[in-house]
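# Per-entry structural report
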Amino acid sequence: QVQLVESGGGFVQAGGSLRLSCAASGLTSSVPMGWFRQAPGKEREFVATISISGGNFYCSDSVKGRFTISRDNAKRSVYLQMNSLKPEDTAVYYCAARSSGRVLGSPYQSEYANWGQGTQVTVSS
C-alpha cells in the first residue's frame, strides 16, 4: 500500500521560507510526483511537478520563481522549497504520486493515483 506523508508546514510571516517534505513508502519504483494546494473556500490547485529523474520539472505561474520542487530517489522523498511566501500561499499542501509506468510529471490532479494527508502552511501579512 502506497503511503505519502508530508511534513514541514507551519506558520511563517510574509517574505519567509518553508521547506516541505514528502516521504513515500510502498512504491515498487520511482514515479513522477507533484505538489498541490487547497486554500480555504477554494478548489485544490496545481503547484509543482517533477519527473522520475528529477530532470524535468515545472511550477504553476503563481509560484514560479519562488517555489522549487526537487526529489531524492534514494530517500523516496520529494521536496518543495518555498521562498518569498505571500499570504495568498496559505493553504493545505498535498503531495501526490502518479501511477507507475509514467515518466513525466503532470499538472492534472486526475493523473495522480496516490495522495498524502496534507500539511498546513499559514503565511501572515
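Above this text is the structure in question.
Quick summary incoming for the structure in this document. (Residues numbered from 1 in each chain as written. Predicted model: local features only at pLDDT ≥ 70, side-chain atom pairs only at ≥ 80, totals over all residues. Heavy atoms only, no water.)

## Observations regarding the sheet that holds strand S8 (residues 77-82)
The four strands are arranged S1-S3-S8-S7 in an open sheet whose pairing can be described as antiparallel. Both edges of this open sheet fall to strand S1 (3-7) and strand S7 (67-72), since each of them pairs with a single strand only. The sheet shows a mean angle of 15° between the axes of neighbouring strands, taken without regard to direction. The pairing of S7 with S8 spans six bridges and is antiparallel. Among the inter-strand pairings, Ile69 is bridged to a residue of S8, identified as Leu80. (Pairing = 2+ DSSP bridges. Helix = DSSP H or I, 4+ residues; strand = E, 2+ residues; numbered from the N terminus. Axes fitted to C-alpha atoms, helices over the stretch in contact; angles between N-to-C directions.)

## What to know about the side chain of Arg37
Here Arg37 lies in strand S4 (residues 33-38). Its relative accessible area of 5% is what places Arg37 among the buried residues. Within the structure, Arg37 has its side chain in polar contact with the side chain of Glu45 (distance 2.6 Å). Engagement of the side chain of Arg37 in a polar contact is seen with the side chain of Asp89, the distance being 2.9 Å. Setting aside residues no more than four positions away along its own chain, Arg37 makes contact with Glu43, Arg44, Glu45, Val47, Ser62, Val63, Phe67, Glu88, Asp89, Ala91, Val92 and Tyr93. (Buried < 20%, exposed > 50% of the residue type's maximum accessible area, 1.4 Å probe, protein only. Polar contact = N/O pair within 3.5 Å; in protein donor to acceptor, adjacent residues only side chain to side chain. Contact = heavy atoms within 4.5 Å.)

## A word on the state of the cysteines
Using the criterion set out here, one finds one disulfide in the structure. Disulfide pairing places Cys22 opposite Cys95 at an S-S distance of 2.1 Å. Across the disulfide from Cys22 to Cys95, rotation about the S-S bond amounts to roughly -75°, and the bridge is consequently left-handed. With Cys22 in strand S3 (residues 18-25) and Cys95 in strand S9 (residues 91-98), this residue pair connects regions lying 73 residues apart in the sequence. You can call Cys22 buried: its relative accessible area is 1%. Unpaired in this structure, Cys59 has its nearest cysteine sulfur neighbour in Cys95, at a distance of 14 Å. Using a relative accessible area of 13% as the deciding quantity, one classes Cys59 as buried. (Disulfide = S-S within 2.5 Å.)

Just distances and angles here, no functional claims.
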